[in-house]
Amino acid sequence: MRVSLSGAWTVANARDAEAAIGAVEVKGARNLVTLDLSAVSDIDTAGAWLVHRERAHAEFAGRRVELVGASERMAFLLDEIERHIPEPMTREREPYLVVRALIEIGRTMTVVWRDAIAILSILGVFGLRLATIITHFRRLRGTSVLANFDRTCRGAVPIVMLMAFLIGLIIAQQGGFYLQQFGADLFVVDLAGVLILREIGVLLAAILVAGRSGSAFTAEIGSMRMREEVDALNVIGLDPVEVLVVPRLMALILALPILTFLSDIAAIAGAMIVTWAYIGITPDLFFQRLDQAVSPTEFFVGLAKAPFMALIIGLVACNEGLKVGGSAESLGRHTTIAVVKSIFLVIVVDGLFAIFFASVGI
């Protein structure tokens, strides 16, 4: 079979050209189909695609196809069409549910390992810079530390004390409600005092700081990454960890014990008000019983956890900020991840401290 093409095979005549070449039945040929392009006056990508499609139909039907009369330009265009034919889309078979679960576990463990290495790296730089500050006090960026301390501590006092006050109210009310049934009203002071001073005060302050200051640290450093300010620090010879991370960590380590102390005061005040109004325990009796039931050790146990929790929150927040890419979506994702990781690790560390203090008898 010999098929002769003529005229302008361009996008302007694409509909007529497609109808004409679609009318050709290549299945009628025995073994050879010859496409004669000598009478084609003009051709573009649309026309070359039609020629290629007809050639493919003939080859798929088991015929041999031969192109004759093609100019150099036509041959080049047809060769380019041949090289840029998209591969057929094949849907990969999804693995079984168990295999997918194992793959996700492996990916998660890889991410956890990389995050642990990055956090340890930042912690090492932080320790090195602290040692340098001790020997060379002028290296301390006092203005940056004080500015971050002001935002982290003074700015968080209202929300921390309000939340602690409400939690103290709830603990005392629920404890008094159930202890009244056993005639042990006075023991609500023991319950509230030990729980607030040992666990709730520091844990509540740490969670609020993680959601407030931790997210702010991630957003600040992440926005600097987006504007390439971190790269600019490297260019001018400054260490981004020393300039951006160390002052924030120092401010957070100083701020969280203070916020824990204020959280304890607010929660105890809330518990006192509820026991006075709900159970009838007067403030003087409340504090007398609190002095008998709670030793200073309980207060210092809670306060001792604060610097470690602050260090974890700062490390996680700054590490996620340094991982931000160049998009707003990346900034939002890493800010969310920083808050979730910080709260999770704070609770884990609190549990480890509880096990440690129980094992040593404190």
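Counting restarts for each chain: residues are numbered from 1 in the order of the written sequence. Note on the predicted model: pLDDT of at least 70 is required for a residue's local features to be given, and 80 or more for side-chain atom pairs to be given and counted; whole-chain, interface and lining totals, by contrast, use all residues. Just so you know, side-chain values use all the structure's heavy atoms and leave hydrogens and water out.

Peer 1: Where do I start with the packing of helix α4 (residues 97-135) against helix α11 (residues 296-322) in this structure?
Peer 2: Between two packed helices, what matters for the description is the angle formed by their axes and the separation of those axes. Closest axis-to-axis distance for the α4/α11 pair is 10 Å, and the angle between their directions is 110 degrees. Relative to α11, α4 is oriented roughly perpendicular. By crossing handedness, the relation of α4 to α11 is classed as right-handed. Of the residues in α11, those touching α4 at Asp115, Ala118, Ile119, Ile122, Leu123 and Phe126 are Leu311, Leu315, Val316, Asn319, Glu320 and Leu322. Note on residue categories: nonpolar means Ala, Val, Leu, Ile, Met, Phe, Trp, Tyr, Cys or Pro, charged means Asp, Glu, Lys or Arg, and polar means any other residue, Gly included. Among the residues making up the contact of α4 with α11, the classes are represented as nine nonpolar, one polar and two charged. Each axis is a line fitted through C-alpha atoms, and for a helix only the stretch in contact is used; angles between axes span 0 to 180 degrees, taken between their N-to-C directions. Under the DSSP-based scheme used, a helix requires at least four consecutive residues in state H or I and a strand at least two consecutive residues in state E, with every element numbered from the N terminus. The cut-offs work like this: below 35 degrees is roughly parallel, past 145 is roughly antiparallel, 65 to 115 is roughly perpendicular, and the gaps in between are oblique. Should the near helix be turned anticlockwise from the far one by less than a right angle, the crossing is termed left-handed; should it be turned clockwise, right-handed. Two residues form a contact once any of their heavy atoms are found within 4.5 Å.

Peer 1: Looking at this structure, I do not really get the packing of aromatic side chains. What am I missing?
Peer 2: Given two aromatic rings, one states the distance between the centres and the angle between the planes to describe the pair. Any two of the Phe, Tyr and Trp rings considered here, Trp counted by its six-membered ring, make a pair once their centres fall within 6.5 Å; the pair's planes then place it as stacked at under 30 degrees, edge-to-face at over 60, or tilted in between. Tallied over the full model, the rule gives seven aromatic pairs. Summarising the aromatic geometry, the rings of Phe177 and Tyr178 are spaced 5.1 Å apart at their centres and angled 85 degrees between planes, so their arrangement reads as edge-to-face. Among the aromatic residues, those joined into a ring-pair cluster are Phe308, Phe353, Phe356 and Phe357.

Peer 1: Teacher, can you tell me more about the sheet that holds strand β2 (residues 32-43) here?
Peer 2: Hydrogen bonds between backbone atoms are what pair the strands of a sheet, whose relative direction is either parallel or antiparallel. Should DSSP find at least two bridges between two strands, the strands are taken to pair. Strand order in this open sheet of three strands is β1-β2-β3, and the pairing throughout is parallel. Here the strands that pair on one side only, and so sit at the sheet edges, are β1 (2-9) and β3 (64-68). Taking the axes of each pair of neighbouring strands and ignoring which way they run, one obtains an average angle of 25 degrees across the sheet. The pairing of β1 with β2 spans seven bridges and is classified as parallel. The partner of Gly7 across the bridge, within β2, is Val40. Helix α3 (residues 72-83) rests against β2 and β3 of the sheet, and its axis sits at about 115 degrees to β2.

Peer 1: Any chance you could explain the nonpolar core here in plain terms?
Peer 2: In globular proteins that are soluble, nonpolar side chains generally tend to be buried together. Note on terminology: a nonpolar core comprises buried Ala, Val, Leu, Ile, Met, Phe, Trp, Tyr and Cys residues joined through side-chain atoms within 4.5 Å. Under the scheme applied here, a residue whose accessible area is under 20% of the maximum for its type counts as buried, over 50% as exposed, and between as partly exposed, the area being computed with a 1.4 Å probe on protein chains only. Core analysis: the largest hydrophobic core is formed by 21 residues, its most contacted members being Val189, Ile196, Ala271, Ile281, Phe286 and Leu290. Elements represented by at least two residues in this core include exactly α6 (157-179), α7 (187-226), α9 (240-279) and α10 (283-293). The leading source of residues in this core is α9, at seven residues.

Peer 1: How should I be thinking about the confidence of the model for the chain in this particular structure?
Peer 2: Note: predicted coordinates in regions of low pLDDT should not be interpreted at a detailed level. On a scale of 0 to 100, pLDDT captures the predictor's confidence in every residue. In this model, the chain carries a mean pLDDT of 84, and residues with pLDDT of at least 70 account for 98%. Within the chain, no element has a lower average pLDDT than β3, which sits at 78, and none a higher one than α9, at 89.

Peer 1: What is the right way to look at the pairing of β3 in this model?
Peer 2: Within a regular beta strand, the side chains point alternately toward one face of the sheet and then the other, so they alternate between its two faces. Sheet topology note: the β2/β3 ladder contains five bridges and is parallel. Along β3, the bridge assignment pairs Asp36 with Val68.

Peer 1: How should helix α5 (residues 142-152) be read in this particular structure?
Peer 2: Think of an α-helix as turning once every 3.6 residues; residues three or four places apart then point the same way. Regarding α5, the residues found buried are Val145, Asn148 and Thr152. Projected down its long axis, α5 shows its buried positions confined to an angular sector of 70 degrees, all on one face. Residues of α5 that are exposed and point over 90 degrees away from its buried face: Thr143 and Leu146. In the core, the buried residues of α5 are packed alongside α7 and α9. This arc corresponds to the set of directions leading from the helix axis out to the C-beta atoms.

Peer 1: Honestly, the pattern of salt bridges in this entry has me stumped. Any pointers?
Peer 2: It is possible for side chains bearing opposite charge to pair when their charged atoms get close. Here, a salt bridge means any side-chain nitrogen of Lys or Arg that lies within 4 Å of a carboxyl oxygen of Asp or Glu. Inspection of every chain in the model, using the stated rule, returns 16 salt bridges. Residues Glu298 and Arg198 are paired through a salt bridge, measuring 2.7 Å at the closest nitrogen-oxygen approach. Of this pair, Glu298 sits in helix α11 while Arg198 sits in helix α7; the two residues are 100 residues apart in sequence, bridging distant segments of the chain. Glu298 gets classed as buried once you look at its relative accessible area, which sits at 16%. Relative accessible area serves as the criterion here: at 15%, Arg198 is assigned to the buried category. With a shortest N-O distance of 2.7 Å, Glu220 and Arg248 are connected by a salt bridge.

Peer 1: Honestly, empty space enclosed by the protein in this entry has me stumped. Any pointers?
Peer 2: The method is simple in principle: a probe with the dimensions of a water molecule rolls over the atoms, and the space it marks as empty is what remains. Lining residues are defined by having an atom within 4 Å of a point belonging to a cavity or pocket. Those points lie on a 1 Å grid over the protein atoms alone, cavities being sets where a 1.4 Å probe fits but cannot get out and pockets being open sets with protein on both sides within 12 Å along at least five of seven lines. Grid points are joined across faces, edges and corners, and a volume is the space filled by probe spheres set on the points. Under the criterion given, the structure shown has two cavities of 30 Å³ or more. Of the voids in this model, the largest cavity is the one considered here, and its volume is about 80 Å³. Every residue lining the largest cavity is listed: Arg129, Thr132, Ile133, Arg139, Leu140, Arg141, Val145, Glu242, Val246, Pro247 and Met250. Elements with a contribution of two residues or more to the lining of the largest cavity: α4 and α9. In terms of residue count, the dominant contributor to the lining of the largest cavity is α9 (four residues).

Peer 1: How should I be thinking about the layout of surface pockets in this particular structure?
Peer 2: Each pocket or cavity is described by its volume, and for the largest pocket that value is around 480 Å³. Along its surface, the largest pocket is lined by 18 residues, and Asp115, Ala116, Ile119, Val316 and Leu345 are the ones closest to its centre. Secondary-structure elements contributing two or more residues to the lining of the largest pocket are α4, α11 and α12 (328-359). No other element matches the eight residues that α4 contributes to the lining of the largest pocket. Across the lining of the largest pocket, the residue classes break down as 13 nonpolar, two polar and three charged. The space that makes up the second largest pocket amounts to roughly 220 Å³. Together, Leu197, Phe261, Asp264, Ile265, Ile268, Leu290, Asp291, Val294, Ser295, Pro296 and Phe299 line the second largest pocket.

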